[in-house]
Amino acid sequence: MTGKYEHLIVRHMGDTSDDLVNEGAVATGEPRPDHIGDAFALMRAEDVPEAKLHMTYSWILPTEEGSHWVNEHEHDYDEVLVFLGSDPENPHELGGEAYLWIEGEKYTIDTSGAVYIPAGTRHCPLDWGTITKPIRFNAISLSGDGNYASDENVPKP
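A quick note: this is a predicted structure, and the numbers were derived from the prediction, not measured. (Residues numbered from 1 in each chain as written. Predicted model: local features only at pLDDT ≥ 70, side-chain atom pairs only at ≥ 80, totals over all residues. Heavy atoms only, no water.)

Visitor: Quick question: what am I supposed to make of unusual backbone geometry here?
Guide: Excluding glycine, a negative phi dihedral is what most residues carry, and trans is how most peptide bonds are arranged. Cis geometry marks the peptide bond from Cys124 to Pro125; its omega dihedral reads 15 degrees. Checked against the element boundaries, Pro125 lands in strand β9 (residues 123-131). One non-glycine residue, Glu103, lies in positive phi territory at about 50 degrees. Even without being glycine, Cys124 reaches a positive phi, approximately 80 degrees. Looking at the element boundaries, Cys124 is found in strand β9. (Helix = DSSP H or I, 4+ residues; strand = E, 2+ residues; numbered from the N terminus.)

Below, the structure written as structure tokens:
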């Protein structure tokens, strides 16, 4: 039986490769490194029109080689980047390193946690260092109207 609110439930995560203009092969022109999993949509207006956010889900798999994945950009909505380790016995351990630039300052992310990116803040690149355990990565974009765009690689004036 389908309930009144069935339309609010995402039961199949769609591929977000074309949604994310600053990530992956769309941004870099290079094939996706083997250790970076597909980007799936947990929630987006395309699937649930009432949704005012765009939330992706990816696995970052173990590797000894670092990689670049997201180019520098900014947008007119807030974003939260979530980095989660996969060891239930040690939930604070990320299992690797991510390198994130915010307004030109480099930060190393090596514990489970999240980064809030206010609207209008230049951020990235996002690069991965050595990964020893799988990492769950989410990007949550909070547009307020369900529309998402960025200034893909346009230099700040």
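Visitor: Hey, could you run me through the sheet that holds strand β4 (residues 67-70) in this one?
Guide: The pairing of strands in a sheet happens through backbone hydrogen bonds and is either parallel or antiparallel. One open sheet accounts for four strands, arranged β4-β9-β6-β7; its pairing is antiparallel. The open sheet has two free edges, formed respectively by β4 and β7 (105-111), since each of these has just one partner strand. Each neighbouring strand pair of the sheet contributes to a mean axis angle of 25 degrees, computed without reference to strand direction. In the sheet, strand β6 (residues 93-102) pairs with β9 via five bridges, with the strands oriented antiparallel. (Pairing = 2+ DSSP bridges. Axes fitted to C-alpha atoms, helices over the stretch in contact; angles between N-to-C directions.)

Visitor: Would you explain a nonpolar patch on the surface in this entry?
Guide: Taken together, the side chains of Tyr5, Leu8 and Ile9 define a hydrophobic patch exposed on the protein surface, amounting to about 290 Å² of accessible area. Summarising the element assignment, Tyr5 is placed in the segment before β1 (14-15). (Patch = residues over 30% accessible without salt bridge, like charges linked within 9 Å, V, L, I, M, F, W, Y side chains within 5 Å. Areas by Shrake-Rupley, 256 points an atom, 1.4 Å probe, with all protein chains shown as cover. Salt bridge = Lys/Arg side-chain N within 4 Å of Asp/Glu carboxyl O.)

Visitor: Help me understand the pattern of salt bridges, please; the structure alone is not making it clear to me.
Guide: Side chains bearing opposite charge may pair, as long as their charged atoms lie close to each other. This structure, assessed with the given rule, holds seven salt bridges. Residues Arg122 and Glu72 are paired through a salt bridge, measuring 3.3 Å at the closest nitrogen-oxygen approach. Note that Arg122 is positioned in the loop between β8 (113-117) and β9 and Glu72 in the loop between β4 and β5 (78-85), a separation of 50 residues in sequence. On the accessibility criterion, Arg122 (5% relative accessible area) is buried. Note on Glu72: relative accessible area 36%, which makes it partly exposed. For the salt bridge of Lys133 with Asp87, the shortest nitrogen-to-oxygen distance reads 3.1 Å. Of this pair, Lys133 sits in the loop between β9 and β10 (135-142) while Asp87 sits in the loop between β5 and β6; the two residues are 46 residues apart in sequence, bridging distant segments of the chain. Each of Arg44, Glu46 and Asp47 takes part in a single network of salt bridges with overlapping partners. (Buried < 20%, exposed > 50% of the residue type's maximum accessible area, 1.4 Å probe, protein only.)

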